[in-house]
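# Survey of secondary and tertiary structure
The lines below spell out each chain.
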Amino acid sequence: MCGIFGVIGKTNANELLEISQILKHRGPDDEGFCSIPNVKHFCGPDTVRSLLFPKISGDLDGAFGYRRLSIIDLSVKSHQPMEKDGYVVVFNGEIYNFASIREELEGLGHQFNSSGDTEVLLTSYIQWGERCVDHFNGMWAFSIWDPKRRIVFSSRDRFGIKPFLYFHDDRYFAFASEQKALLKFSKVSNNPDLEDAKRYLIWGMQNFSENCMFKEIKRLLPSHNLVFNVDTGELKTYEYWNIHPNTEKSVYDEKQGQMYFQKFREIFTDAVRLRLISDVKVGTALSGGIDSSSIVYTVRELMKKQSVPSIGDIQYTFSAVYGNYVADESKWIDIVAKETAVKSLKVVPDHEDLASRLEALAYVHDEPFDSTSTYAQYRVMNLVRESGVTVTLDGQGGDEIAGGYPLYMPMMILENFPNKTFFSEIKNLKKANSSFGLFLRTIGTRYVNDVAQRRYFKEISKGLFNHTNQFIPYGGRSKAEFSHMNLRAWSDIREELVDLLKTADRNSMAFSIESRFPYLDYRLVEFAMSVPSAYKIHQGWTKYLSRRSFEGLINDKVLWRKDKLGFPTPQKAWFEMGFSDFAMNYISNSKFLKCLDVNVNGVFSHKLLWRLVNLAAWAKAFEMD
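Rules and cut-offs
- Residues numbered from 1 in each chain as written.
- Predicted model: local features only at pLDDT ≥ 70, side-chain atom pairs only at ≥ 80, totals over all residues.
- Heavy atoms only, no water.
- Pairing = 2+ DSSP bridges.
- Helix = DSSP H or I, 4+ residues; strand = E, 2+ residues; numbered from the N terminus.
- Axes fitted to C-alpha atoms, helices over the stretch in contact; angles between N-to-C directions.
- Contact = heavy atoms within 4.5 Å.
- Buried < 20%, exposed > 50% of the residue type's maximum accessible area, 1.4 Å probe, protein only.
- Expected span 1.5 Å × (residues − 1).

### Considering the sheet that holds strand β17 (residues 391-393)
Strand order in the open sheet formed by five strands is β16-β15-β14-β17-β18, and the pairing between neighbours is parallel. Because the sheet does not close on itself, it has two edges, and the strands there are β16 (343-347) and β18 (514-516). On average, each strand axis in the sheet is inclined to that of its neighbour by 30°, with strand direction left out of account. Bridging between strand β14 (residues 282-285) and β17 involves three bridges; their strand directions are parallel. Residue pairing in the sheet places Thr-284 in a bridge with Leu-393 of β17. Along the sheet, helix α7 (residues 290-305) contacts β14, β15 (316-320) and β17; its crossing angle with β14, the most-contacted strand, is approximately 150°.

Okay, structure coming up:
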């Protein structure tokens, strides 16, 4: 895990050193620089002292830069930028199956100088070219200088766990792990995209889009590669991986279900095992739901079979709790912690602390975010850092792949109409935290989605702005995908989940923590998306695939609970307790919101008021106010 950055175009040592310092939180253990295309390595003030490279200085025609958080192979042999046979790489992330790939490459005649995954990644490119990514099970964002083709080849992992931001103008190309770093390159300005700012206020953040809140910066999308030709300045991106979910109608069959449940459990267990490979300590973020609990219980089972060096003698878990608020999940967290004998550490986020950190959080995240849950996760990661743990396992992705959201219930019923279970499933809506009203709205939205979007936009914008706005559509597909539960789940993975993964990256890396996601092992996602929806929601139970897969592993009270809240905060209560007054005062002084012609004296829901205050804080943090 680290921070990467680079530029093909005129740059200088002072610019590169400033960017390196901005990304230091992503990699406090080492830094490195390498000129491109004329390869020469340099050191900076934070470079490991045993590496005797010359100090970076003067002007350069291009360079790669790197900040290291040491996770696997702690020696200087895994220093980056790493060069091999004239190829140079900067790599952020982990390739969990690097050991098996290395064996394959050794069989093809390649030799290795290090024991980590970076050299395996670079050698994979040398052997297989751009299709090297097909071999990887992991999370990544990387750039490789290819001296033979005179290109920069970049890639982002299948789900967008690791970030890759870039700027391109003719023959000038720059990239970085975070927008705040990219903004320090001489050609990149902090001009905001005002249309995107309005879209955020209406629809929330859209990290699945190429466009960012900064007008000149682009995202490399998940499952995409990028090729930049140094000589011509041509840049192209393309998708290297996709899934076609199972959309066949299916009636639940117990014998077939048993096969699905067993396979799901097998792949998941191996996904957790791979993500425990680390030369530093690993812990788990525990919310009290099935997804995070399944990780904790699986780690315990693996510890019973053999020593897990990255865990040690006792597993650490980290949770946010809220006392007497409805959002508090302490009851469930304590059940899991007691039964698995973990060291359970908890933090209590509060609205006063949130107010004091508002602009700092906006700076950490580079763009506004949708809810105060992001702040709670930030506090959890601070707790992780204080404990001495460097890597966490997290349950993101479990709801999407196993049918965990209430909206999936009416969609599953509709797609299987008119089979014999239709009316019995209608009766089971309540069991899934769903409702008949939601069922009817789902039917309506499925057939009149454009009308529904326009009506929602009109209702929100008329009280939000002082003027009439032209319709700004939701930028993605998920809100229009009602044809099949698995298709909607895949759209959610491609859109809603990407936003959660972005906030997870920024929150964890703010404290030099690496977050890993077993549910996003691509083997598990491919398998889950091949399972018919009838095995994901059954007899009114959402997430039936997970519940049955983990029978005998997770405590039944946790496994079959009906009231899981996601990862909430008592946001509404916080606003009622005084944060609303703070927020209204804050937005009334925002020049940026006035530039958007926002009605800063309006009456807003706590969700919309949060977006307004968060957008105002972002503008102030990046000196646009």
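More follows now that the structure is in view.
### Description of the environment of Val-230
In this fold, Val-230 is placed in the loop between β12 (224-229) and β13 (235-239). Since its relative accessible area comes to 13%, Val-230 is described here as buried. The spacing of Val-230 and Ile-217 is 13 residues in sequence and 19 Å in space, taken between C-alpha atoms. Val-230 has contacts with Ile-8, Trp-145 and Arg-150, leaving out every residue within four places of it along the chain.

### A short note on helix α3 (residues 117-128)
Given 3.6 residues to a turn, an α-helix orients residues that are three or four positions apart in the same direction. Across its 12 residues, α3 extends 16 Å between first and last C-alpha, which sits within 8% of the 16 Å expected from 1.5 Å per residue. Burial of α3 is extensive: nine of the 12 residues sit out of reach of the surface. All of the buried residues along α3 are Asp-117, Thr-118, Glu-119, Val-120, Leu-121, Leu-122, Thr-123, Ser-124 and Tyr-125. Packing partners of the buried residues in α3 comprise β5 (82-84), β6 (87-95), α2 (98-107), β7 (138-146) and β8 (151-156).

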